[in-house]
Amino acid sequence: MRGELDPQVDVILELVNDYDITLSGADVSESRQELETMIDLAGDDPVSVGEVADFTIDAEDRDLPARAYVPEGEGPFPVVAFFHGGGFVLGSVDAYDNLCRLLARESSCLVVSVEYRLAPEHPWPAALEDCYAATRWLSRNADRFGGDSTRLAVAGDSAGGNLSATVSLLARERGMIDINCQILLYPSTASFEPMDSRAANASGYFLTAEDLVWFVGHYIEDSFDAHNPLAFPLQARDLSELPPAFVLTCGFDPLRDEGIAYADRLRDAGVDVEHTNYESMIHGFLTMEGIVDRAREGIDEVATYLQRELHP
C-alpha cells in the first residue's frame, strides 16, 4: 500500500519542521493560518484560466461565498462543485485557488469552489448542508458562468472528499440533484475506527492521527452524530445507486485505508469506481505542486477522469 517516500515529499516535511507547522492545537485561528502557510510554501504561482469570478450563492437563509473558474474556450462547460479540505475546521477558497485553476484548465470544466461554514463555530451538519445547497444552486444556475448543469460533478480533498461523498448520499436521499460523478481525493470517510494506516502513518507525514481526533472533536458536537453516515459515509448500509466515483489515496496518509475501504464498498454496491493509490505520497500532496512533481500527475489524472465522464 505504500512504497518509498518520494524525495520531494521529504522537502515538504522539512518545511513543516522548519516552520513548526501543526494542524491541530488549542487555538483554531492559529491552526487555520498554519494550513494557509503550508499551502503557500508548497504551492506554485497561479496558472491562468479564462475567467475567475467571486460571487455569492443564495442558500435560502444564508449566503455562501464562492469562486468560479471558467476555462478558456467555448462553453457550455461541464460543472464541478469543489469543496476544499482542512478537517472541517481549516481551509478556504483562497488556499485552494491554484488547485481549482489547474483542474479547470486541464479538464475544461467550470470549477466552482465553495466557502462552506467551518467548525467549531458551525458543527455538523452545517458544512454538509452548505455544500448540498451550493450543488443544488449550480444544478439550476451554472449557465450564469457558461456551465452546463446537466453535466455535474462534486469534488473535494480530505474533508472536501467526505463532503463530496455525503452530498452524493444526500442527493440520492432527497432526489433533487442529478450528479454525474464524485471525485474523492484522499477522503475522510470514517470517524474513530482503528485502521492500519492510522497507526502506520500516525505521525511524521504532515497529517497526524492526533490531528484527526482534533478535527472530529470540533466537527461533531454530539458523539452520537459520529455514527451518522451523512457525517462519515463508510458507515452507510446502502451505497447503491450513487454516482460513479474516482477515489485517490496516498501511501503515507493516515486516511489511506478508509479511502480504499470506501472505494471497495462502492464497487461492491455496483457503483463504477476508479481508484488510484499514490504509494509514495502524503496527504494533501495535490496542493504541493510547487515542489512535488507528482502533484501535477495526480491533477492530470483527475482531469482526464472528468473529461471522460462529463465531456460528450
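Our subject is the structure listed above.
Predicted, not measured: the structure shown is a model, and the values here were computed from it. (Residues numbered from 1 in each chain as written. Predicted model: local features only at pLDDT ≥ 70, side-chain atom pairs only at ≥ 80, totals over all residues. Heavy atoms only, no water.)

> In this structure, what is going on with helix 7 (residues 209–219)? I would like to understand it.
Three or more residues of helix 7 are buried, namely D211, L212, W214, F215, V216 and Y219. Of the surrounding elements, those touching the buried residues of helix 7 are helix 2 (28–42), helix 4 (126–141), helix 5 (159–174) and helix 6 (196–200). (Buried < 20%, exposed > 50% of the residue type's maximum accessible area, 1.4 Å probe, protein only. Helix = DSSP H or I, 4+ residues; strand = E, 2+ residues; numbered from the N terminus. Contact = heavy atoms within 4.5 Å.)

> Is there a simple way to think about the layout of surface pockets in this case?
Unfilled space is identified by rolling a water-sized probe across the atoms. As a volume, the largest pocket reaches approximately 220 Å³. When residues of the lining of the largest pocket are assigned to their parent elements, the largest contribution, 3 residues, is made by helix 1 (residues 7–18). For the lining of the largest pocket, a count of residues per class yields 6 nonpolar, 5 polar and 3 charged. If you add up the space inside the second largest pocket, you get close to 170 Å³. Listing elements by their share of the lining of the second largest pocket, those giving two or more residues are helix 2 and helix 3 (97–107). Ranked by residues supplied to the lining of the second largest pocket, first place goes to helix 3 with 3 residues. (1 Å grid on protein atoms, 1.4 Å probe; cavity = no way out; pocket = protein on both sides within 12 Å on 5 of 7 lines; lining within 4 Å. Points joined across faces, edges and corners; volume = space filled by probe spheres on them. Nonpolar A, V, L, I, M, F, W, Y, C, P; charged D, E, K, R; others polar.)

> What is the right way to look at the packing of aromatic side chains in this model?
Each aromatic ring pair is characterised by the separation of its centres together with the angle its planes make. Tallied over the entire structure, the rule returns 11 aromatic pairs. Ring geometry for F82 versus Y96: centroids 6.1 Å apart, planes at 45°, classification tilted. Pair noted here: F82 is in strand 3 (residues 77–83) and Y96 is in the loop between strand 3 and helix 3, with a separation of 14 residues, a long-range link. Measuring from centroid to centroid gives 3.7 Å for F88 and Y219, while their planes differ by 5°, and the two rings are stacked. Taken as a pair, F88 in the loop between strand 3 and helix 3 and Y219 in helix 7 lie far apart in primary sequence, 131 residues in all. The same class applies to F88 and to Y219, which are both buried. Through a chain of ring-to-ring contacts, three or more aromatic side chains come together here, namely F55, W137 and F145. R174 extends its terminal NZ or CZ atom over the ring of Y132, reaching a point 4.8 Å from the ring centre. (Phe/Tyr/Trp six-rings, centres within 6.5 Å; stacked < 30°, edge-to-face > 60°. Lys NZ or Arg CZ within 6 Å of the ring centre and 35° of its normal.)

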